[in-house]
Amino acid sequence: MLADAYAAERFRLLRDRAALFWGFVFAPLAGLAMSVGGDLFMHRVFHRALPGAQLDLGGKLLSAVSGATSPFVALFLLIGAAAILAGDYRWETWRLITPRNGRGRILLAKLLVFGEAAAWSLGLMAVCALLAGLVGAMINGMTVVAPGGAFIGRLAGALVIVWLQLMIFGALVACVAVAARSTLGAVVAGVLVLIGQSIAASMHGLDPAPSLKALLLPAYAADQMRAFVLAPAGLRPDGQTAALGLLISLAWLAGLMAAAVTLFRRQDLTRE
C-alpha cells in the first residue's frame with residue numbers, strides 16, 4: 001500500500017511542472033548561471049586571464065553541495081516540499097485521496113517523494129557546479145586540479161549529510177502544513193527555523209568543545225558530521241561527536257514525522 005501511495009505521489013509531482021522546476025531545478029541552474037556570469041563579467045572588466053591560477057574542482061563541488069542548506073537554495077527546496085506536502089490543502093483534494101489509502105502511508109509517501117526529488121536536486125547541483133568550474137577555468141585560463149582518490153567518499157558523505165538536513169526540514173514542513181493547513185505557512189515557518197538555527201549553530205561554533213545542547217540543533221549536528229567526513233584522515237575530529245549528531249538528526253526526523261502523522265490522523269478533512 002505504501003508503494004502505491006508513493007507511485008501516485010511521484011506521478012503527481014512529475015505532472016506538476018511548476019513545483020518541479022521552481023522547487024528542485026531552478027536553484028541549481030541559477031547557481032550555474034551566476035557562476036558563469038560572474039566569471040564572464042570579471043574577465044570582461046579586467047580584460048585578462050589568470051595564467052598559473054588553479055581551480056580546486058573537488059572543493060568547488062563540496063562547496064556547492066554544502067550550500068544546499070543556505071537560505072537562498074533551501075527556500076526553493078522548501079517551496080517544493082510545501083507543494084508536495086501541503087498542496088492538497090490548497091486544492092482541497094484530501095477528501096478525494098484519503099479514502100484510497102491510509103493517512104499515515106499517504107503522508108509518508110509524500111515525504112519519500114520529497115526525499116527523492118531533493119536527492120535529484122543535489123545531484124543536479126553537483127553537475128552544475130562541475131560545469132561552472134570547468135567553464136570558469138576555461139574563461140580565466142586556470143589550471144584544473146582534479147580531486148584526489150578519497151574525494152568520492154567525501155562527496156558521498158557530504159551529500160548524505162545535506163540530504164538528511166533537507167529531510168528534517170521536509171518533516172518540519174509536513175508538521176506545519178498539517179497544523180496550519182497552509183502552503184505559505186509551511187514555507188515561512190521552514191525559512192524562519194532555518195535562519196534561526198543557522199544563527200544559533202554559528203554562535204555555538206565558537207565553543208571550544210561541542211556540547212549536547214548545541215548538538216540538539218540539526219544545523220550544528222550537521223556541521224560536526226561534515227567536519228568529520230571532510231577532514232583528512234589524519235586530522236579528523238572525534239568520531240563520537242559526529243555519531244551522536246547523526247543519532248540526534250535521525251531522532252529529529254522520526255519525531256517530526258511521527259508528530260505530523262499523529263496530527264493528520266486526527267484531522268477533519270470533510271472540507272479539504
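Higher on the page you've got the structure.
Quick summary incoming for the structure in this document. (Residues numbered from 1 in each chain as written. Predicted model: local features only at pLDDT ≥ 70, side-chain atom pairs only at ≥ 80, totals over all residues. Heavy atoms only, no water.)

### Focus on the packing of aromatic side chains
Then comes step 1: Per the counting criterion, the structure on display carries eight aromatic pairs.
Then comes step 2: Both rings, one in Phe26 and one in Phe76, keep their centres 4.9 Å apart while their planes meet at 50°; by these two values the pair is tilted. Remark: Phe76 occurs in helix H4 (residues 71–91) and Phe26 occurs in helix H2 (residues 17–46); sequence separation between them is 50 residues.
Then comes step 3: For Phe26, a relative accessible area of 22% corresponds to the partly exposed category.
Then comes step 4: An angle of 70° between the planes, with centres 5.7 Å apart, marks the rings of Tyr89 and Trp94 as edge-to-face. You'll find Tyr89 and Trp94 in the same group, each marked buried.
Then comes step 5: The lysine or arginine in question, Arg103, covers the ring of Phe264, its NZ or CZ lying 5.5 Å from the ring centre. (Phe/Tyr/Trp six-rings, centres within 6.5 Å; stacked < 30°, edge-to-face > 60°. Helix = DSSP H or I, 4+ residues; strand = E, 2+ residues; numbered from the N terminus. Buried < 20%, exposed > 50% of the residue type's maximum accessible area, 1.4 Å probe, protein only. Lys NZ or Arg CZ within 6 Å of the ring centre and 35° of its normal.)

### Comments concerning unusual backbone geometry
Then comes step 1: One non-glycine residue with positive phi stands out, namely Glu92, at about 55°.
Then comes step 2: Within the element layout of this structure, Glu92 appears in the loop between H4 and helix H5 (94–97).
Then comes step 3: For Arg181, which is not glycine, the phi dihedral falls at a positive 55°.
Then comes step 4: Along the chain, the position of Arg181 falls in the loop between helix H7 (151–180) and helix H8 (183–204).

### A short note on the pattern of salt bridges
Then comes step 1: In the structure shown here, the tally under the stated rule is six salt bridges.
Then comes step 2: A salt bridge links Glu9 to Arg12; its shortest N-O distance comes to 3.4 Å. Here the residue Glu9 and the residue Arg12 both occupy positions in helix H1 (residues 2–15), the gap between them amounting to three residues, near one helical turn.
Then comes step 3: On the basis of relative accessible area, Glu9 is assigned to the buried category, the value being 6%.
Then comes step 4: The exposure class assigned to Arg12 is partly exposed, which follows from its relative accessible area of 34%.
Then comes step 5: The shortest N-O distance in the salt bridge between Glu9 and Lys110 comes to 3.0 Å. Of this pair, Glu9 sits in helix H1 while Lys110 sits in helix H6 (residues 103–140), and the two are 101 residues apart along the sequence. In this pair, the class of Glu9 matches that of Lys110, namely buried.
Then comes step 6: Connected through salt bridges with shared partners, the residues Glu9, Arg12, Asp88 and Lys110 form a single ionic network. (Salt bridge = Lys/Arg side-chain N within 4 Å of Asp/Glu carboxyl O.)

### Description of H1
Residues that lie three or four places apart on an α-helix share one face, since the helix turns once every 3.6 residues.
Then comes step 1: Taking 1.5 Å per residue as the helical rise, H1 with its 14 residues ought to reach 20 Å, and the 20 Å between its terminal C-alpha atoms agrees with that figure.
Then comes step 2: Taken residue by residue, H1 has Ala5, Glu9 and Leu13 as its buried positions. Buried residues of H1, viewed axially, fall in a sector of 70°; they line one side. In H1, the exposed positions that point more than 90 degrees away from the buried face belong to Ala3, Asp4 and Arg15. (Expected span 1.5 Å × (residues − 1). Arc of directions from axis to C-beta.)

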